[in-house]
Amino acid sequence: TKISCGLVLGITMSAAARDLYEILHEEIQSCAYVNNLHPENVVGAISYVQAVDDNLPGDLEVVSVTTLGIKNIDTRDLANVDIPAELFQPGIFAKELEKICKNSCPILS
């Protein structure tokens, strides 16, 4: 049994929201599903802040973030791991992601 893509996106966004709280509006620019997810898999998320625009009234800001959902890895185990910035390129394809992980960050492959 596989989990549907819409649920995978929701799980990943929920995991990322734990650190990105007080979100008033979200837009998904692109989304790719690299691997299948099954009910017994654990999902976490790692995010990279691409840009911050604080030219808004009050304490508001626009933050552009790239988030990767990762399965079966406790994100706390990645605290001292160098995550390649190439993984967070907008519009990157699944094969490219897998190649970068395999060559530069084997814990993610």
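Per chain, residue numbering runs from 1 following the sequence as it is written. Where totals are concerned, whole chains, interfaces and linings use all residues; where local detail is concerned, this predicted model gives features only for residues with pLDDT of at least 70, and gives and counts side-chain atom pairs only at 80 or more. The side-chain figures draw on all heavy atoms in the structure; neither hydrogens nor water molecules are used.

Draft legend 1. Local environment of helix H1 (residues 5-17). Look at H1: 18 Å from first C-alpha to last across 13 residues, which is about the 18 Å you get at 1.5 Å a residue. Exposure categories follow from relative accessible area, calculated using a 1.4 Å probe and restricted to protein chains: below 20% of the type maximum is buried, above 50% is exposed, and the middle band is partly exposed. Each helix is a run of H or I in the DSSP string that is no shorter than four residues. Each strand is a run of E no shorter than two, and both are numbered from the N terminus. All of the buried residues in H1 are Val 8, Thr 12, Ala 15 and Ala 16. Looking down the long axis of H1, one finds its buried residues gathered within 100° of arc, a one-sided arrangement. Pointing more than 90 degrees away from the buried face of H1 are the exposed residues Gly 6 and Leu 7. Here a helix's expected span is defined as the number of its residues, less one, multiplied by 1.5 Å. The arc under discussion is defined with respect to the helix axis, by the directions toward the C-beta atoms.

Draft legend 2. Representation of helix H2 (residues 94-104) in the model. Taken together, the buried positions of H2 are occupied by Leu 97, Ile 100 and Cys 101. The buried residues of H2 occupy one face: seen down the axis, they fall within an arc of 100°. Along H2, the residues that are exposed and aim more than 90 degrees away from the buried face are Lys 95, Lys 99, Lys 102 and Asn 103.

Draft legend 3. Expanded view of the pattern of salt bridges. Take a side-chain nitrogen of Lys or Arg and a carboxyl oxygen of Asp or Glu: if they are within 4 Å of each other, that pair is a salt bridge. Summed over all chains, the structure comprises one salt bridge. Between Arg 76 and Asp 74 there is a salt bridge whose closest N-O contact spans 2.7 Å. You can call Arg 76 exposed: its relative accessible area is 66%. Taking relative accessible area as the criterion, Asp 74 reaches 32% and is therefore assigned partly exposed.

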